[in-house]
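Structural overview for review
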Amino acid sequence: MNNIRNLILSSLLLLLVSCSGQKVSTVGSTADIESRVDRLLARMTLSEKIGQMNQVSAGGEISNYADALREGKIGSMLNEVDPVKINEYQRICVEESRLGIPLLIGRDVIHGFHTVFPIPLGLAATFDPELVEAGARIAAVEATGQGIRWTFSPMLDIARDPRWGRMAEGSGEDTYLDARMAEAMVRGYQGSLSDPTSMAACIKHFVGYGAAEGGRDYNSTFLTERQLRNVYLPPFEAAVKAGAMTLMTSFNDNDGVPSTGNTFILKDVLRDEWGFDGLVVTDWNSMGEMIAHGFGTDHKDVACKAVNAGVDMDMMTFGFISHLEELVRSGAVKESVIDQAVRNILRVKFLLGLFENPYVDVEAGASVQYAAEHLDAARRSAEESAILLKNDGVLPLNADRIRTILVTGPMADAPHDQLGTWSFDGDKGHTVTPLRALQERFPGKVVYVPGLAYSREKRSRFDDVVAAARRADVVLAFLGEEAILSGEAHSLADINLIGSQSELLAALKSAGKPVVATVMAGRPLTIGRDLPSCDAMLYSFHPGTMGGPALANILFGDVNPSGKTPVTFLRTVGQVPMYYSHNMTGRPYNGEKMLSEIDMEAGQTSLGNTSYYLDYGAYPLFPFGYGLSYTTFRYSDISLDAETYPADGTLTVTFTLSNDGNFDGTEVVQVYVRDRVGSVTRPVKELKAFERVNLKAGESRSLSVRIPIAELAFFGLDGVKKVEPGDFQLWVAGDSASGEPVSFKVQ
Ligand code: NOJ
């Protein structure tokens, strides 16, 4: 039995045992749904079937779409957020079309709807799937409150190149972390299927899109099948197992095959291996773009290739609606292929309960937007996602000892920009900026001199702001990137702080007062050169609506920072790609000399002949999983419950975690494993478990983490996923570069 069917069974069971008195689903059992799909399909004409496979973007007057809706030529609409219009579209479909099939209304609800949460990269920095699930649930409650029942999220693209603007939209570089976030978001969005607040998730972009050559969006990828299977596909598989109802194909071609026409990934892997029975939609015009790729001659040709490869719905190419009928009549596409696609679409509509509840209650929906508990959850998410990268002891600030706070920098009061990319629906009027939060908290103490009006601004003199810094007790500089500098189609070749921000920070430092830099950005910027210009640095991937209060709470010690880097921070962009789980090389870096230490006259022999850069060495600025706290954590007594494990066993690692400092705090405990010898070379380390642990100041606790040995399986030389027996090492640590390994064997 496949995954969505499993999920509906379990949600029905949940509903049966629930005696909350809330509205109970009437969608019926799995078998009922399949028979409803079949009965409806049997009544459909070929043209009505193809209509279901057509998705259009809304815009303008209702009358623009009314005829097509009446004729059953549109199965889904994206980008309509007006609930009154949505109800009217649904009414036309349900009451005026021959078969009364409701529309599936989609939207990019990526990190919150009205209440905007931190960007997904920031959510990943929390290492807190429960919090992320709760945030996705809130996004679903708000979006479905306006009639949206399908979000194009989560984005599961592993991203190891910070030049790529869309790194902001995913969980970063790591397969394991990405998979856990994927499951959490799918659960949060979809909730209990057929409940009116349930929103179908769409896992995207299938697949490899984040490995775009040179970090240039939409560019080609060249991932081997082994890389795909070991690194890029597992988050998608985890999301499918969690019941994700839909999936989006990606824009890129991998090794010459565009995803929207790739039978191997869409059929062999997704349907046959994973048993996915949800809906596959193209990305926006990605079917048409196969012509530009040179993978098809015209719209008819690419429509034929896409549908035969396993695409069910066309987003905005109009290739299906224009050509599928003819392609079926000519025999190039079998009607059974169309039937299967339509089944996948109708199944989602039945599962969501759209036939029973096509309309949204406009007033009730309006009342949940920006609800107090939503704002509260957004604040908590922003707090957990902030990463403390440097602290020379200046943080947390003691408000009692401060009379004047200078707030400066282009992100201090940028209500739109702190929302980050893909926040169409977040109204900047609701954003609480750091400036506003600090002014409310410390009336009369805050002096605001922006220094730079926006992140890209260039200026050479900062006399006004430096003078203000001299008069202040502490300088809080809010720097980073405007929202527009990351996200789709917004790649950068230079990822230093943009504009004159580094110069501003250096000027502030020259005033001689403590300087705390808070960076709000869509990617890990190369901030190494800025670290000497501040006494502390807090990194906050665009933190959303409640970023201001969250950051103020951290700076003034109400909240102890606990975020960890979900991606490696580089010293310079020339290190790309650099990620912690790289394969073991034959010549690992061994502390060899840097350019400045080398006797160049001695020629080649003076060099180390290992894998590193003469100018920037072998290491990043901050490793994956890194983040400081106001307290210090210590790991001790790390031990395993056995020396050798069977391949179907479970390992338990026990250790003591101590909070040695003066603050209560939360540590993200991380467990990494290295497979010493494989049939193919293996990563130096891979994250296999993590857990957030709260400890009081001075507290020590014995903890244990269990890892099924099956988690160590990978696709080796024979292309079969299995655990290869042999020697392993395991680390329990607070980041990917710390700790001492313990050894074990698998038989
Ligand atoms: C293109 C983007 O690649 C995709 O992520 C998004 O969901 C669609 N446009 C729809 O807006």
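Residues numbered from 1 in each chain as written. Predicted model: local features only at pLDDT ≥ 70, side-chain atom pairs only at ≥ 80, totals over all residues. Heavy atoms only, no water.

1. A look at the packing of aromatic side chains
In total, this model carries 26 aromatic pairs according to the counting rule given. Relative to F690, the ring of Y176 has its centre 5.9 Å away and its plane inclined at 85°; by these criteria the two rings are edge-to-face. In this pair, Y176 sits in helix α8 (residues 175-190) while F690 sits in strand β21 (residues 686-695), placing the two residues 514 residues apart along the sequence. Accessibility assignment for this pair places Y176 and F690 in one class, buried. Ring geometry for Y218 and F251: centres 5.2 Å apart, planes at 85°, overall edge-to-face. Here F251 lies in the loop between β6 (246-249) and β7 (253-254) and Y218 lies in the loop between β5 (202-206) and α9 (225-232), a separation of 33 residues in the sequence. Its relative accessible area of 34% is what places Y218 among the partly exposed residues. Taken together, the ring pairs connect F127, Y176, Y580, F624, Y672 and F690 into an aromatic cluster. (Phe/Tyr/Trp six-rings, centres within 6.5 Å; stacked < 30°, edge-to-face > 60°. Helix = DSSP H or I, 4+ residues; strand = E, 2+ residues; numbered from the N terminus. Buried < 20%, exposed > 50% of the residue type's maximum accessible area, 1.4 Å probe, protein only.)

2. Comments concerning the domain arrangement of the protein chain
Taken domain by domain, the protein chain consists of domain 1 (379-555) and domain 2 (633-746). With centres defined by C-alpha atoms, the gap from domain 1 to domain 2 works out at 36 Å. (Domains from an automatic or database assignment.)

3. Regarding the environment of I50
By the element assignment, I50 lies in helix α3 (residues 46-52). I50 gets classed as buried once you look at its relative accessible area, which sits at 2%. Each C-alpha atom of the pair I50 and L497 lies 49 Å from the other, and the pair is 447 residues apart in sequence. Apart from the residues within four sequence positions on either side, I50 is in contact with F320, I321, L324, E325 and I338. (Contact = heavy atoms within 4.5 Å.)

4. Describing the pattern of salt bridges
Considering all chains together, one arrives at 48 salt bridges under this definition. Measuring nitrogen to oxygen at the nearest pair gives 2.5 Å for the salt bridge that ties R379 to D376. With R379 and D376 both in helix α17 (residues 372-385), this residue pair falls three residues apart, about one helical turn. Under the relative-accessibility criterion, R379 is labelled buried at 19%. (Salt bridge = Lys/Arg side-chain N within 4 Å of Asp/Glu carboxyl O.)

5. Re a nonpolar patch on the surface
Taken together, the side chains of L595, M600 and L614 define a hydrophobic patch exposed on the protein surface, amounting to about 260 Å² of accessible area. Along the chain, L595 turns up in the loop between α21 (547-555) and β17 (633-640). (Patch = residues over 30% accessible without salt bridge, like charges linked within 9 Å, V, L, I, M, F, W, Y side chains within 5 Å. Areas by Shrake-Rupley, 256 points an atom, 1.4 Å probe, with all protein chains shown as cover.)

6. Let's talk about the sheet that holds strand β14 (residues 474-480)
Hydrogen bonds along the backbone pair up the strands of a sheet, which may run parallel or antiparallel. The strand order across the open sheet built from six strands is β11-β16-β15-β14-β12-β13, with neighbouring strands paired in mixed fashion. Looking at the sheet topology across the chains shown, the edges are occupied by β11 (387-391) and β13 (446-448). For this sheet the average axis-to-axis angle between neighbouring strands, irrespective of direction, equals 20°. Pairing analysis gives three bridges linking strand β12 (residues 405-408) to β13, with the strands arranged parallel. Residue L406 lies in a different strand from β13, and its bridge partner there is V447. (Pairing = 2+ DSSP bridges. Axes fitted to C-alpha atoms, helices over the stretch in contact; angles between N-to-C directions.)

7. Re the site of the ligand
In the neighbourhood of the ligand, 13 residues make up the surrounding shell, with D108, R166, K204, H205 and D283 lying closest. In this structure, an oxygen atom belonging to the ligand sits 2.7 Å away from a side-chain N or O atom of H205. Relative to its free-state accessible area of 300 Å², the ligand is covered by the protein chains to the extent of 95%. Partitioning the shell around the ligand into residue classes produces seven nonpolar, one polar and five charged. (Near = heavy atom within 4 Å. Polar contact = N/O pair within 3.5 Å; in protein donor to acceptor, adjacent residues only side chain to side chain. Nonpolar A, V, L, I, M, F, W, Y, C, P; charged D, E, K, R; others polar.)

8. Side note on the pairing of strand β25 (residues 726-733)
Counting buried positions along β25 gives six out of eight residues, so the element sits mostly inside the fold. Of the pairings in the sheet, the one linking strand β20 (residues 665-675) to β25 comprises six bridges and is antiparallel in character. Among the inter-strand pairings, V671 is bridged to a residue of β25, identified as V732. Where β25 and strand β26 (residues 742-746) come together, five bridges link them in antiparallel fashion. Residue pairing in the sheet places D727 in a bridge with K745 of β26.

9. A closer look at the side chain of S736
Locating S736 in the fold gives a position in the loop between β25 and β26. According to the relative accessible area criterion, S736 is buried, its value standing at 7%. Beyond its immediate sequence surroundings of up to four residues, S736 is in contact with Y580, P623, F624, Q670, Y672 and K685.

10. Things to note about the side chain of S171
By the element assignment, S171 lies in the loop between β4 (150-151) and α8. For S171, a relative accessible area of 2% gives the class buried. Not counting residues within four places of it along the chain, the set of residues in contact with S171 comprises P120, L121, A124, L177, D178, M181 and P566.

11. Side note on the sheet that holds β6
Spatially, the three strands line up as an open sheet ordered β5-β6-β9, and their pairing is parallel. Taken across any chain shown, the strands that pair with only one partner, and hence form the sheet edges, are β5 and β9 (279-281). Each adjacent strand pair in this sheet contributes to an overall mean axis angle of 25°, direction not counted. Here three bridges tie β5 to β6, and the two strands are oriented parallel to one another. Within β6, the position partnered with C202 by the bridge is T246.

12. Considering helix α15 (residues 335-351)
For α15, spanning 17 residues, the distance from its first C-alpha to its last is 24 Å, which sits close to the expected 24 Å at 1.5 Å a residue. The buried fraction of α15 is high, at 12 of 17 residues. Directly beyond the C-terminal end of α15, a positive phi value near 75° is found at G353. (Expected span 1.5 Å × (residues − 1).)

13. What about the packing of helix α7 (residues 129-144) against α17?
Where α7 meets α17, the axes come as close as 10 Å, and the angle between the chain directions of the two elements is 145°. As for how α7 packs across α17, the hand of that crossing is left-handed. Here L131, I138, V141 and E142 of α7 lie close against α17, whose contacting residues are E373, H374, A377, R380, S381 and E384. (Left-handed = near helix turned anticlockwise from the far one by under 90°.)

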